[in-house]
Amino acid sequence: MQLLDGKKTAETIKAEIAAQVEQLRAAGGKIPHLAAVLVGSDGASETYVNNKVLACERVGFKSTLVRLDSDVSEQALLAEIDKLNRDDDIDGFIVQLPLPAHINETRVTLAIDPAKDVDGFCPENVGRLCLGLPTFISATPNGIMELLRHHNIATEGKHCVVVGRSNIVGTPMSLLMSRNTNPGNSTVTIVHSRSKDMAAICRSADILIVAIGKAEFVGADMVKDGAVVIDVGITRLPDASKTSGYRLAGDVDFAAVKDKCSWITPVPGGVGPMTIVSLLQNTLKAQTLRKHF
């Protein structure tokens, strides 16, 4: 078993982005500017957004963090989004999810200018992905593709099973793995909560990508020998032995599976850092992509 080290890979890509930004700076070009909107003070969201801000600093981007109280009205949030849409200096922005229950996430997503949607969630960007047109690709699926590319994982002709069908990970992941690209050219199966004999289907996978949101859901009985396992999930589980009182677990039972697979992502340090670096990549190419919208 070898680790698909997302943290190390992300640092390599950040160094490449930083070099490109320095070239832009030297040529008098526009420095990429990424903004994030954070509603409320959810601990996980705070950590994630702060990591994005630090990543921007690492590569030389400008960054803006818009903080709003958890009781902010939907109308006020939409007004902030409109400001970001109209701000010519901001190349891309994200609205950190989840949002408070009184705010309609779909309405918020639809309000974002597709030309600044570096999360790749807007219908126009999802549609362009389906058609193979230039677009912002959802950060987590794109990060997984980069992880596979940097580790030279063979995907052509392989059976890829994606566990989970969310619009954020599972569905775009299946599209990317089936496209005529490298990585890609896989035969893709999606399994979900209504799939029959999920374990047998997972055992047939050469590449198993798990994004179901259930801690340690995938055990050794669901993984065939030599498979490549990508674990997208991250959950806090109570653990009295830890100072924090919890430990982080993925959707895959790492201890049970690690001796069966050829490659596996750790949690943390696997997919998470690659998601952040994908946002940076999307922001870097935003100025070039804008002409396609």
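You'll find the structure just up there.
Basis of the calculations
- Residues numbered from 1 in each chain as written.
- Predicted model: local features only at pLDDT ≥ 70, side-chain atom pairs only at ≥ 80, totals over all residues.
- Heavy atoms only, no water.
- Patch = residues over 30% accessible without salt bridge, like charges linked within 9 Å, V, L, I, M, F, W, Y side chains within 5 Å.
- Areas by Shrake-Rupley, 256 points an atom, 1.4 Å probe, with all protein chains shown as cover.
- Salt bridge = Lys/Arg side-chain N within 4 Å of Asp/Glu carboxyl O.
- Helix = DSSP H or I, 4+ residues; strand = E, 2+ residues; numbered from the N terminus.
- Buried < 20%, exposed > 50% of the residue type's maximum accessible area, 1.4 Å probe, protein only.
- Contact = heavy atoms within 4.5 Å.
- Expected span 1.5 Å × (residues − 1).
- Polar contact = N/O pair within 3.5 Å; in protein donor to acceptor, adjacent residues only side chain to side chain.
- Pairing = 2+ DSSP bridges.
- Axes fitted to C-alpha atoms, helices over the stretch in contact; angles between N-to-C directions.

Participant: Report on a nonpolar patch on the surface, specifying residues and quantitative values.
Facilitator: Taken together, the side chains of Met1, Leu3 and Phe254 present a nonpolar region at the surface, about 260 Å² in accessible area. Tracing the backbone through its elements, the reader meets Met1 in the segment before strand E1 (2-3). On the accessibility criterion, Met1 (47% relative accessible area) is partly exposed.

Participant: Before we move on, can you summarise the environment of Gln287 with the specific residues and values?
Facilitator: Within the element layout of this structure, Gln287 appears in helix H11 (residues 286-289). What makes Gln287 partly exposed here is its relative accessible area of 32%. The sequence separation of Gln287 and Asp89 amounts to 198 residues, and the corresponding C-alpha distance is 10 Å. When sequence neighbours within four positions are dropped, the list of residues in contact with Gln287 reads Lys30, Pro32 and Asp91.

Participant: Tell me about helix H1 (residues 6-26), residues and numbers included.
Facilitator: Two residues of an α-helix separated by three or four positions point the same way, owing to the 3.6 residues in each turn. For H1, built from 21 residues, the straight-helix expectation of 30 Å at 1.5 Å per residue is met to within 8% by its first-to-last C-alpha distance of 30 Å. Here H1 has its buried residues at Gly6, Thr9, Ala10, Ile13, Lys14, Ile17, Ala18 and Val21. On its buried face, H1 sits against helix H2 (43-59), helix H6 (139-150) and helix H10 (271-284). Two to three positions downstream of the cap, the backbone nitrogen of Lys7 sits 3.1 Å from a side-chain oxygen, assigning the N-cap of H1 to Asp5. Phi for Gly28, located one or two positions after H1, is positive at around 75°.

Participant: Provide a residue-level description of the side chain of Ser278, including the pertinent values.
Facilitator: Note on placement: Ser278 falls in helix H10. Polar side-chain contacts of Ser278 include one of 3.1 Å to the backbone oxygen of Ala139. Ignoring anything within four residues of it in the chain, the contact list for Ser278 reads Ala139, Asn142 and Gly143.

Participant: How would you summarise the pattern of salt bridges if you had to cite specific residues and measurements?
Facilitator: Counting across every chain of the model gives 15 salt bridges. Across the salt bridge formed by Arg25 and Glu22, the nearest N and O atoms sit 3.7 Å from each other. Placement of the pair is Arg25 and Glu22 together in helix H1, with a separation of 3 residues, close to one helical turn. For Arg25, a relative accessible area of 42% gives the class partly exposed.

Participant: Describe the sheet that holds E1, and please don't skip the residues or the numbers.
Facilitator: With parallel pairing, the 6 strands of this open sheet are ordered in space as E1-E11-E8-E7-E5-E6. Each having just a single partner strand, E1 and strand E6 (187-191) make up the two edges of the open sheet. Examined bridge by bridge, strand E7 (residues 207-210) and strand E8 (residues 228-231) share 4 bridges and lie parallel to one another. In the strand pairing of E8, Ile209 is matched with Ile230. Helix-sheet contacts for helix H7 (residues 170-178) involve strand E5 (159-163), E6 and E7, and the interaxial angle to E6 is about 165°.

Read these as spatial facts, not as claims about activity.
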